[in-house]
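# Structure assessment
Residues per chain are reported as follows:
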Amino acid sequence: MEDNYTTGVSQPTITEAFRQGIQYAFKYWRVSLIYWLATLGLSMIVALPFRSTLLAETGNSMILNNLIAGFNYTYLNDFLQNYGSALTPLLNQSIVALAVQVLLLVFFAGGLTKTIVVAPERYDSRLFWGGSGYYFWRMLRLTLLFAVFHVIILVLFGWLYLTVTKGMSPANLDSEAIITSCLRWLIPLYVLVASIPMLWQDYAKLYLVKSDKTWIWSSVRESGSFVRKNFLKVYGLYLLVLGVTLAMFGLNYLLQGALVVQSMGTIMLSFFLTQFLVIIRFACKVLNLGSARSLSQV
């Protein structure tokens with residue numbers, strides 16, 4: 001597969017690729033809806049038993065009102081001491097649900113990538129679901145491969161954190177504040193570094209679907225070559241989309257902070273606001289892959 005700079009096709013700018021990604025997000029809004037419905041369904045599977053257990057264990061205890069009002073370590077500690085044992089089975093169920101969600105996201109990745117590469121005029125359910133099943137195992141292998149990169153980066157930053165905080169031992173530090181203050185620069189640095197394998201994986205998905213090869217290695221190699229030769233554009237585009245996504249989380253945080261959650265009405269309003277922003281978050285996933293496709297012209 002030839003890159004666009006060897007075929008004479010003009011490569012779009014970051015802004016042009018970003019605008020194209022927005023068009024993909026609007027054109028295939030049903031994909032975002034599928035992601036959201038699957039996530040909501042799994043959340044409900046966990047939340048409903050949790051609610052039943054919570055009400056059965058706490059009864060008319062006022063501790064729930066204290067927890068709803070906002071985070072409070074004292075109330076949370078009291079709650080866990082009094083009712084923590086009843087939550088253990090539910091926590092195990094949550095872990096299973098999380099694993100299922102990861103597999104669902106891997107499954108959907110094939111359908112989303114196939115839709116983006118083929119680029120039909122409107123959402124095609126047969127194309128999406130067919131691509132999801134057809135590419136599942138290859139997308140899973142790709143996910144596991146890049147998970148190794150993320151584990152390596154996480155271990156390196158964990159080592160760096162322990163080095164800076166001297167093993168998180170207050171006795172070895174001039175001030176205990178270093179334990180938390182260093183996170184102000186360490187976490188953003190981690191995000192910037194971890195973004196590299198994340199964006200590489202996105203382009204590998206595109207090359208994998210375009211080539212339709214059984215083995216993932218050639219797609220990983222070709223996408224890695226494209227990322228390396230166009231790193232400034234690729235990285236700048238990814239950070240732009242990431243900034244939009246983080247803005248959504250920030251907006252959700254501000255809205256939730258502005259709401260005084262003390263009644264069923266405010267609880268429902270908080271829920272709908274959160275779910276709307278979750279849908280926007282999944283739309284950003286479509287935007288991200290669509291803009292990457294536009295930039296790489298795969």
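Since this is a predicted model, take the numbers as computed values, not measurements.

Reading guide: rules and limits
- Along each chain, residue indices are assigned from 1 in the same order as the chain's sequence is written.
- Where local features are concerned, this predicted model is filtered to residues with pLDDT of at least 70; where side-chain atom pairs are given and counted, the filter is 80 or more; whole-chain, interface and lining totals use all residues.
- With hydrogens and water stripped out, all remaining heavy atoms of the structure feed into the side-chain values.
- Helix numbering and strand numbering both begin at the N terminus, where a helix is a DSSP run of H or I of at least 4 residues and a strand a DSSP run of E of at least 2.
- Partly exposed describes any residue whose relative accessible area lies between the buried limit of under 20% and the exposed limit of over 50%, with all areas from a 1.4 Å probe on protein chains only and scaled to the type maximum.
- Pairs of residues are marked as contacts when any of their non-hydrogen atoms sit within 4.5 Å.
- Methods summary: accessible areas were calculated by the Shrake-Rupley approach with a probe of 1.4 Å, and residue burial reflects only the protein chains presented.
- Two rings from Phe, Tyr or Trp (for Trp, the six-membered ring) form a pair when their centres sit within 6.5 Å of each other. Planes less than 30 degrees apart are called stacked, planes more than 60 degrees apart edge-to-face, and all others tilted.
- A residue's pLDDT is the confidence the predictor assigns to it, expressed on a 0 to 100 scale.
- The term nonpolar core refers to a set of buried residues drawn from Ala, Val, Leu, Ile, Met, Phe, Trp, Tyr and Cys, joined through side-chain atoms within 4.5 Å.
- Expected span, for any helix, means 1.5 Å times one less than how many residues it has.
- Basic side-chain nitrogens of Lys or Arg form a salt bridge, by our definition, when they fall within 4 Å of a carboxyl oxygen of Asp or Glu.
- Patches draw on residues past 30% relative accessible area with no salt bridge. Two like charges within 9 Å are joined, as are two nonpolar side chains (Val, Leu, Ile, Met, Phe, Trp, Tyr) within 5 Å.
- A fitted line through C-alpha atoms serves as each axis, taken over the contacting stretch for helices, and the angle formed by two N-to-C directions is quoted from 0 to 180°.
- Relative orientations are named as follows: roughly parallel for angles under 35 degrees, roughly antiparallel for angles over 145 degrees, roughly perpendicular for angles from 65 to 115 degrees, and oblique for any other angle.
- Three classes are used: nonpolar for Ala, Val, Leu, Ile, Met, Phe, Trp, Tyr, Cys and Pro, charged for Asp, Glu, Lys and Arg, and polar for all others, with Gly counted as polar.
- Left-handed describes a crossing whose near helix is turned anticlockwise from the far helix by less than a right angle; the clockwise case is right-handed.

What follows concerns the overall build of the chain. Looking only at helices and strands, the chain features 12 helices and zero strands. Relative to its 298 residues, the chain shows a buried fraction of 38%. Long-range pairs, those at least 24 residues apart, make up 75% of the contacts in the chain between residues at least 6 apart in sequence. Looking at the chain as shown, the accessible area adds up to about 17,000 Å², and 68% of this sits on carbon and sulfur atoms.

What follows is about the packing of aromatic side chains. In this structure the tally under the stated criterion is 19 aromatic pairs. Aromatic pair Tyr35 and Phe108: ring centres 5.2 Å apart, planes at 65°, arrangement edge-to-face. With Tyr35 in helix H3 (residues 29-58) and Phe108 in helix H5 (residues 73-118), this residue pair connects regions lying 73 residues apart in the sequence. For the pair Tyr35 and Phe108, one class covers both residues: buried. Both rings, one in Phe231 and one in Tyr235, keep their centres 5.1 Å apart while their planes meet at 15°; by these two values the pair is stacked. Placement of both Phe231 and Tyr235 in helix H11 (residues 231-258) is noted, with a separation of four residues, approximately one turn of the helix. For Phe231, a relative accessible area of 28% puts it in the partly exposed group. Note on Tyr235: relative accessible area 16%, which makes it buried.

Before going further, it helps to spend a moment on the confidence of the model for the chain. Looking at the chain as a whole, the pLDDT averages 84, with 80% of positions reaching at least 70. Below a pLDDT of 50 lies the segment residues 1-7, which in the model reaches 16 contacts outside its immediate sequence neighbourhood of four places, other chains included. Confidence drops under pLDDT 50 across residues 69-73; counting only partners more than four residues distant or on other chains, this segment forms two contacts.

Now for the nonpolar core. In this structure, Val31, Leu112, Ile116, Met139, Leu142, Tyr203 and Leu206 are the most contacted members of the largest nonpolar core, which totals 48 residues. Only helix H2 (14-27), H3, H5, helix H7 (136-164), helix H9 (183-211), helix H10 (217-229), H11 and helix H12 (264-296) provide two or more residues apiece to this core. In terms of residue count, H9 provides more of this core than any other element does, seven residues in total. The residues touching Tyr203, leaving out its near neighbours within four places in the chain, are Ser223, Phe226, Val227, Val234, Leu237, Ala292, Leu295 and Ser296.

Glancing now at H7. A rise of 1.5 Å per residue sets the reference length of H7, with its 29 residues, at 42 Å; its end C-alpha atoms lie 41 Å apart and thus fit the reference within 8%. Looking only at H7, the buried set comprises Phe136, Arg138, Met139, Leu140, Leu142, Leu145, Phe146, His150, Ile153, Phe157 and Tyr161. Where H7 ends, the next residue or the one after it, Lys166, has phi of about 55°, a positive value.

We now examine the pattern of salt bridges. Evaluation of the coordinates by the stated rule reveals one salt bridge. Note that Arg138 and Asp212 form a salt bridge whose closest N and O atoms lie 3.3 Å from each other. With Arg138 in helix H7 and Asp212 in the loop between H9 and H10, the pair connects residues that are 74 residues apart, well separated along the chain.

Together, Met264, Ile267, Met268, Phe271 and Phe272 make up a nonpolar patch on the protein surface, roughly 470 Å² of accessible area in all. Positionally, Ile267 belongs in helix H12. Judged by its relative accessible area of 33%, Ile267 falls in the partly exposed class.

Structurally, Leu189 can be placed in helix H9. Taking relative accessible area as the criterion, Leu189 reaches 34% and is therefore assigned partly exposed.

Bringing H10 into the picture now. Taking 1.5 Å of rise per residue, 13 residues should cover 18 Å, and H10 covers 18 Å from first to last C-alpha, within 8% of that figure. Those residues of H10 that sit buried are Ser218, Ser219, Val220, Ser223, Gly224, Ser225, Phe226 and Val227.

What follows concerns the packing of H11 against H12. It is at 10 Å that the axes of H11 and H12 come closest, and there the two elements cross at 175°. In terms of their interaxial angle, H11 and H12 are classed as roughly antiparallel. Among the residues forming the contact of H11 with H12, the class breakdown is 16 nonpolar, seven polar and two charged.

This part is about the packing of H9 against H12. Axes are the key here: two packed helices are described by the angle between their axes and the distance separating the axes. Packing of H9 against H12 brings their axes to within 10 Å, and their N-to-C directions diverge by 70°. Taken together, the axis directions place H9 and H12 in an arrangement best described as roughly perpendicular. As H9 runs across H12, the sense of the crossing is right-handed. Residues Asp202, Tyr203 and Leu206 of H9 lie in contact with H12, whose contacting residues are Asn288, Leu289, Ala292, Arg293, Leu295 and Ser296.

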